[in-house]
Amino acid sequence: MSALGLEHEGKPNPLGSEGSSAVHVRQWQLEPETEYRFELDPGNSLAIKLVDGQAEIFGAELAEGSIYVFGMECKAAVYTWQGCTIEMTSTEYISEETPMNAYANVHLALEQMRVRALRVIHGSPPSDDDEADMDPNPEPPRVLVLGPENSGKTTVSKILVNYAVRMGQDWNPIFANVDPGEGGWAVPGVISAASITAPLQTSSPAATLGSAATSAPVHLVSNELLPLSYWYGHAETRRNPLLMDRLIRNLGENIAERWDADAECRAAGLIVDTPASFASSSGPQGDHRHALIKACVDAFRINVILVVGHEKLNVEMQRAYGNRISIVKIPKSGGVVELDSSYRERVRKYQLQNYMYGKVIPPPPGLSALPYLQGGEQTSDLTLNLAPSSSVIMFSDLVIYRIGEETMAPTSALPIGAARVVSEMQPLIVDPAQPGSGLYNAVLALLSPPNPDESERYDEEILDLSVVGFLVITALDIPNKRMTVLAPGQGSFAGRTAIVGSFEWQE
Amino acid sequence: MSLYPQPHTQVFNSPPYPAQGYGQPLIPPTSYHYPPPVQPTFHVDPQTFRRDYTTRLADLTVNSRPIIQNLSMIAQEYSRYAEIVAQCIEMHIRRVPLWMKLPAFYLLDAMSKNVFDPYARCFTPLVVTLFIDTYEQVDPSTRSKMEEMLLTWRTGAPNGRELFGVVPQVAIERHIWGGDTTMTASSSRSGGSSSISTAQVLSELEFVLSQKERTLQANPYDKLAQNHVAVLQQLRKLVQAGVSQEELNQILTQLRSLAQPASSSPPPVPAPVPQSYSTASYSVSPPSYPTPIDQTMYPSQPAYPTASFSVSKTEPVDFSLLVPQPTAASSVSATVSAPSAPASNIANLFNALVRTGVLSTSGTPTGAGTIAKTEEAAAPAPPDPEKEVAKVYRKTILANKLKLTSADIVRQRLNVASLLYKRLPVQCKQCGVRFPDGPKGRKTMEGHLDMHFRQNRKASQAVSRGYSRSWFISVEDWVHDGSIDIKGKGRADGRKINSSAAAAAEAAKREAELRALFVVVPPGDEAKPISCPICKEILKSEFLEDDEEWVWRNAVRRDDKIYHATCHAEATASKSTLAVRLRNEVSSSRSRSQTPEKQILRTPPKVSLSFSGEQRKANSPSPTTPMGMKRKADDDASNSSLETMRGEPPTKKLAVSA
Ligand SMILES: [Zn+2]
Ligand SMILES: [Zn+2]
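What counts, and at which threshold
Residues numbered from 1 in each chain as written. Chains lettered and ligands numbered in written order. Predicted model: local features only at pLDDT ≥ 70, side-chain atom pairs only at ≥ 80, totals over all residues. Heavy atoms only, no water. Helix = DSSP H or I, 4+ residues; strand = E, 2+ residues; numbered from the N terminus. Expected span 1.5 Å × (residues − 1). Buried < 20%, exposed > 50% of the residue type's maximum accessible area, 1.4 Å probe, protein only. Contact = heavy atoms within 4.5 Å. Pairing = 2+ DSSP bridges. Donors = N, O, S within 2.8 Å, 3.2 Å for Na, K, Ca; no water. Tetrahedral: all angles 85-135°; square planar, octahedral: opposite > 155°, others 65-115°. Axes fitted to C-alpha atoms, helices over the stretch in contact; angles between N-to-C directions. Left-handed = near helix turned anticlockwise from the far one by under 90°. Nonpolar A, V, L, I, M, F, W, Y, C, P; charged D, E, K, R; others polar. Phe/Tyr/Trp six-rings, centres within 6.5 Å; stacked < 30°, edge-to-face > 60°. Polar contact = N/O pair within 3.5 Å; in protein donor to acceptor, adjacent residues only side chain to side chain.

Draft legend 1. Quick peek at helix α1 (residues 100–122) of chain A. Relative to the 33 Å expected for 23 residues at 1.5 Å per residue, α1(A) spans 32 Å between its end C-alpha atoms, a close match to the ideal helical length. In terms of burial, α1(A) is largely enclosed, as 20 of its 23 residues are buried.

Draft legend 2. Inspection of the environment of A:E31 at higher detail. All names here are of chain A. Tracing the chain through its elements places E31 in the loop between β1 (26–30) and β2 (34–39). Its relative accessible area of 51% is what places E31 among the exposed residues. Excluding anything up to four places from it in sequence, E31 contacts T80 and G83.

Draft legend 3. Representation of the pairing of strand β22 (residues 482–487) of chain A in the model. Residue and element names in this part refer to chain A. For β22, the buried fraction is high: 5 of the 6 residues fall into the buried class. Pairing between strand β17 (residues 389–394) and β22: 6 bridges, direction antiparallel. When the bridges of β22 are listed, V392 appears paired with T484. Where strand β21 (residues 467–477) lies against β22, 5 bridges are found, and the strand directions are antiparallel. Looking across to β22, one finds that V472 is bridged to L486.

Draft legend 4. Focus on the coordination of the zinc ion (ligand 1). Residue and element names in this part refer to chain B. Around the zinc ion (ligand 1), the protein supplies C428 (SG), C431 (SG), H448 (NE2) and H452 (NE2) as donor atoms, at distances of 1.9 to 2.3 Å. Every donor counted, the 4 donor atoms about the zinc ion (ligand 1) form angles of 99 to 118° at the centre, which fits tetrahedral coordination. With relative accessibility at 1%, the residue H448 sits in the buried group.

Draft legend 5. Inspection of the packing of helix α1 (residues 46–57) of chain B against helix α3 (residues 82–95) of chain B at higher detail. All names here are of chain B. Between α1 and α3, whose axes approach to 10 Å, the crossing angle comes to 35°. The two elements α1 and α3 cross, and the hand of that crossing is right-handed. Contacts between α1 and α3 involve P46, F49, R50, Y53, T54 and L57 on the former and, on the latter, I84, V85, Q87, C88, I89 and H92. Its residues assigned to classes, the contact of α1 with α3 comprises 8 nonpolar, 3 polar and 1 charged.

Draft legend 6. A look at the packing of aromatic side chains. Per the counting criterion, the structure on display carries 19 aromatic pairs over all chains. Consider the rings of A:W231 and A:F470, whose centres lie 5.5 Å apart with planes at 55°: the pair is tilted. Remark: A:F470 occurs in strand β21 and A:W231 occurs in strand β13 (residues 228–231); sequence separation between them is 239 residues. Judged on exposure class, the residue A:W231 and its partner A:F470 are both buried. Ring geometry for B:F49 and B:Y81: centres 4.9 Å apart, planes at 40°, overall tilted. Placement of B:F49 in helix α1 and of B:Y81 in the loop between α2 (65–77) and α3 is noted, with a sequence separation of 32 residues between them. For B:Y81, a relative accessible area of 11% corresponds to the buried category. Taken together, the ring pairs connect A:W231, A:Y355, A:F470, A:F503 and B:F472 into an aromatic cluster.

Draft legend 7. Quick look at the side chain of A:S192. Residue and element names in this part refer to chain A. By the element assignment, S192 lies in strand β12 (residues 190–195). Residue S192 is classed as buried on the basis of its relative accessible area of 1%. Reaching out from S192, the side chain makes a polar contact with the side chain of W185 at a distance of 2.9 Å. Excluding anything up to four places from it in sequence, S192 contacts F175, A176, N177, W185, P227, L228, S229 and L251.

Draft legend 8. Examining the coordination of the zinc ion (ligand 2) more closely. All names here are of chain B. Taken together, C532 (SG), C535 (SG), H564 (ND1) and C567 (SG) make up the full set of protein donors to the zinc ion (ligand 2), lying 2.1 to 2.4 Å away. Of note is the zinc ion (ligand 2), whose 4 donor atoms meet at the metal with angles of 92 to 118° in an arrangement that counts as tetrahedral. When the donor residues of the zinc ion (ligand 2) are listed from N- to C-terminus, their spacing reads C-x2-C-x28-H-x2-C. Among the residues examined, C567 registers a relative accessible area of 4% and is labelled buried.

Draft legend 9. Representation of the sheet that holds β1(A). Residues and elements named next belong to chain A. Spatially, β1-β8-β3-β6 is the arrangement adopted by the 4 strands of the open sheet, whose pairing is antiparallel. At either margin of the open sheet sits one strand with a lone partner, and together these are β1 and β6 (67–70). Pairs of neighbouring strands in the sheet enclose a mean axial angle of 25°, with direction left out of account. Sheet analysis places β1 next to strand β8 (residues 84–88), joined by 5 bridges and oriented antiparallel. Paired with R26 across the two strands is M88, which belongs to β8.

Draft legend 10. Quick look at the pairing of strand β6 (residues 549–553) of chain B. All names here are of chain B. Inspection of the sheet shows strand β4 (residues 518–520) paired to β6 by 3 bridges, in the antiparallel sense. For F518, the partnering residue across the bridge sits in β6 and is R553. Direction of pairing for strand β5 (residues 541–544) relative to β6: antiparallel, over a ladder of 4 bridges. By the bridge assignment, E542 is partnered in β6 with V551.

Written out as structure tokens, the structure is:
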């Protein structure tokens with residue numbers, strides 16, 4: 001009996017609702033420690049079912065017998081430690097060369113740090129057979145993952161977080177995403193952190209790191225994440241490194257506060273995923289990356305740096321931090337595919353749309369009659385379609401800022417500490433009534449309210465306010481001083497503050 | 001009373017079915033397949049098959065276990081003719097006289113649950129009308145049996161979900177028990193509130209009560225179950241005596257959160273080897289049917305317990321250190337004479353003994369010497385079991401000699417897979433999350449399955465305007481998440497029970513749902529001012545462009561009055577109703593509930609959802625004006641929350657249409 005419920009090898013599907021359309025289902029045996037890799041073309045979807053054995057996708061285990069659907073140009077790999085049989089609606093290739101053993105060892109080493117740290121928190125005696133366990137002040141792992149473009153940094157970060165939460169120890173590690181080009185659980189342009197307690201699923205690049213909470217009932221906690229986000233507003237770190245630096249430090253400060261309040265969370269540690277620009281020494285922007293790596297190391301109190309497949313960077317890091325931080329070079333997966341800039345553009349569009357509207361991936365033809373999982377959710381058609389709210393507000397309802405001048409020479413063109421620095425961080429009010437405001441179809445971050453205590457307020461306070469959501473201005477009616485605002489849900493914006501970045505909304 | 005009434009004519013000259021009851025798995029419960037048919041006598045020709053199967057169906061005139069089983073086995077063997085089988089059964093049910101319909105439904109039920117694929121799928125398109133049509137025709141006693149069967153379909157699939165999917169399940173339930181229980185815009189739109197029948201509530205109550213009674217029967221010392229049973233029995237009397245619609249609604253909600261989709265069997269005595277918790281211990285769990293326990297009746301088939309758990313194939317444990325050590329707990333439990341109590345209870349008991357001076361932690365008797373001495377001899381300072389488990393885990397992890405260096409990371413080969421898989425043998429079939437073996441892990445698993453069920457229910461009762469992305473929580477909530485109740489965490493699926501951020505997010509969710517509710521303005525009443533009876537504010541009307549009608553937003557209709565949905569929810573929550581009492585009694589001892597609803601409703605959301613704050617002037621002339629000065633803060637409106645929200649004009653302006 002075909003496990004996907006379909007006949008094998010292209011025989012017509014007797015039960016599918018599509019009637020005549022035939023589905024090709026293949027069964028594959030994966031040998032232990034191999035992986036099945038796939039890349040989807042735009043508009044295609046893929047269904048995979050684990051028939052026998054055990055398998056995982058980037059560290060999240062698959063439930064046997066459930067159909068998992070992937071789409072939106074998803075690129076992923078099903079890995080198996082002990083071997084398995086899977087069924088799928090198309091095939092790509094199977095690789096026997098994977099770095100999973102090394103990644104698992106890294107996980108184990110991090111887990112050792114966690115249990116040692118937790119022991120001290122619980123006041124338990126050290127084990128006599130472990131020397132390092134005698135350390136009176138063992139530090140939990142706080143890991144910075146560095147690597148060049150297409151090295152699989154995000155994948156490594158995800159596997160390490162997923163393995164931590166799968167230990168059955170109630171770990172709640174923090175995942176910090178400081179790559180503004182990658183939306184993670186929300187939209188691109190933010191520097192963000194979330195506590196992870198269940199495996200992050202993989203189904204589409206629109207939600208690479210799980211999903212921020214919605215009003216819908218969900219089955220996996222990783223699809224109702226509660227992130228803390230700061231708005232940077234651009235995909236490229238070089239656009240405003242000073243702002244990046246400040247937001248990284250803001251994020252680090254709040255994480256530290258959380259750890260002060262929750263020692264067990266502290267013991268679970270932190271994984272920080274970074275942009276590729278941190279690793280690329282080429283180009284005129286070579287300098288700001290060191291400053292930003294330093295900002296991360298300080299802000300997150302990094303004690304482990306993982307360098308994914310990049311010898312030169314490894315040496316650099318050894319030189320700069322080797323005396324106080326464990327620098328580990330880890331292999332890059334052969335499965336990582338080269339992604340061009342147009343792909344990244346499309347992914348950002350998917351992420352923005354997913355934030356507002358959610359996204360239900362249509363299952364491959366012939367499968368629509370069967371229950372399937374998307375990102376681990378069982379009734380995607382009911383719960384992954386979101387209804388944003390569009391409303392017309394007065395220009396005066398919302399105060400909109402842009403950070404720094406619009407046309408700005410790169411910082412590196414100026415001497416350190418030059419006058420330009422001031423304007424780079426300066427909040428500038430944007431008047432929607434002025435032609436050329438750049439607000440039409442712009443993505444805005446709505447900020448949390450400022451400090452209610454007036455005496456606590458200060459210039460540039462808005463740089464330090466966290467984000468409560470994202471808005472898009474879909475129409476401007478200058479004569480009547482009104483604009484149409486697309487928001488994720490209901491609410492009034494009167495008296496609120498938003499910051500515009502450089503992301504444009506595309507329907 | 002048996003669901004299989006004693007037939008008037010004995011089939012096969014023997015009791016119609018063996019004493020262990022129809023559904024008892026005859027085969028390892030991880031498989032849903034019958035053994036091959038005993039008499040494979042069919043030809044492969046579909047026409048012949050159809051004729052033959054129809055003929056055999058004609059024998060199904062009474063609830064005969066052998067006949068049902070035989071027909072199932074044939075169906076399984078010829079699953080390539082599943083469509084034909086489904087057609088035959090549908091035709092059969094529609095044609096036969098009323099008294100013959102129920103047995104055929106039992107066949108449909110058995111095949112769908114036990115063979116599952118492809119039969120559940122084949123019946124899915126036709127089950128709603130077939131069930132409803134039949135239900136409309138039959139007598140009350142047959143109806144109640146069909147209702148019982150319907151309840152088991154909720155979790156009848158091997159993955160613990162609805163046997164025929166959420167949509168058919170809800171469609172049938174709505175038809176039989178009347179409208180959905182949540183007040184959605186669609187229901188208020190169709191005029192007035194939907195009603196729930198007392199019969200439905202009683203039916204579900206019986207179902208839950210029987211679950212709890214079996215739990216209690218299997219473990220008479222289960223205080224929680226005792227409490228549940230007592231409360232439910234009281235409740236049954238009350239419902240029978242008659243309660244209001246509102247209360248019915250609340251009772252139903254409560255019942256559904258109480259109902260366990262998983263086995264409610266008591267934990268067997270902990271044993272040191274994980275194999276002892278293999279599928280067998282789940283499969284013998286009590287049946288999940290609401291009728292009194294009668295081992296001979298058909299539905300003693302434990303449809304979901306077997307389906308919901310998968311235990312890893314038990315190979316010899318080669319990584320013994322990785323196995324969590326229930327031994328520690330069981331040895332301790334022996335000394336305090338509570339052999340089957342889960343670890344945490346042992347800890348409590350131990351603490352209680354220490355407090356009363358019977359036991360001493362220091363080893364020196366603190367109280368009455370002689371008694372303490374004997375106790376002490378038996379239990380020399382029993383350690384905190386939680387800590388013991390943590391210690392064992394730490395030892396396991398630290399036993400791997402590994403350095404965090406580039407060289408060691410690629411060179412070492414350690415058995416990480418055992419840590420990820422074998423060590424956690426109990427797995428949720430729906431989402432793949434794993435739990436440790438033993439009573440605690442299994443309890444967590446039960447709560448986890450419960451969660452899946454509730455989420456599916458909620459999803460099937462979707463609010464009409466759909467769901468939306470939530471606003472992010474504030475920095476304060478984010479920072480303090482988890483710090484309030486550290487003991488409350490400890491759920492392997494990552495759901496925290498009492499975290500402030502999660503509660504805030506839940507409140508925001510609830511609030512957003514309420515605000516999305518609306519009531520259609522009766523034609524001609526668009527200009528008529530209507531005020532909310534609770535807050536006295538005028539309800540704002542607005543025009544929905546998509547539906548081309550005027551509605552009151554954030555509104556519900558109750559007893560022909562229009563309230564703000566938020567006001568009404570708040571008022572309802574604060575009233576001390578029967579359901580609240582029940583909830584308090586039941587959930588105070590219950591650990592698996594998530595954020596209790598009453599808390600959500602009573603706590604005004606402090607999340608950023610309420611966009612209050614001062615109206616700020618932004619009259620700068622140029623697109624980019626340096627902010628420069630400290631902003632003048634006229635922030636008297638900083639007291640956020642509902643009050644301000646209500647007074648605000650609707651955000652969706654109507655003028656746009658022109
Ligand atoms: Zn699950
Ligand atoms: Zn009101």
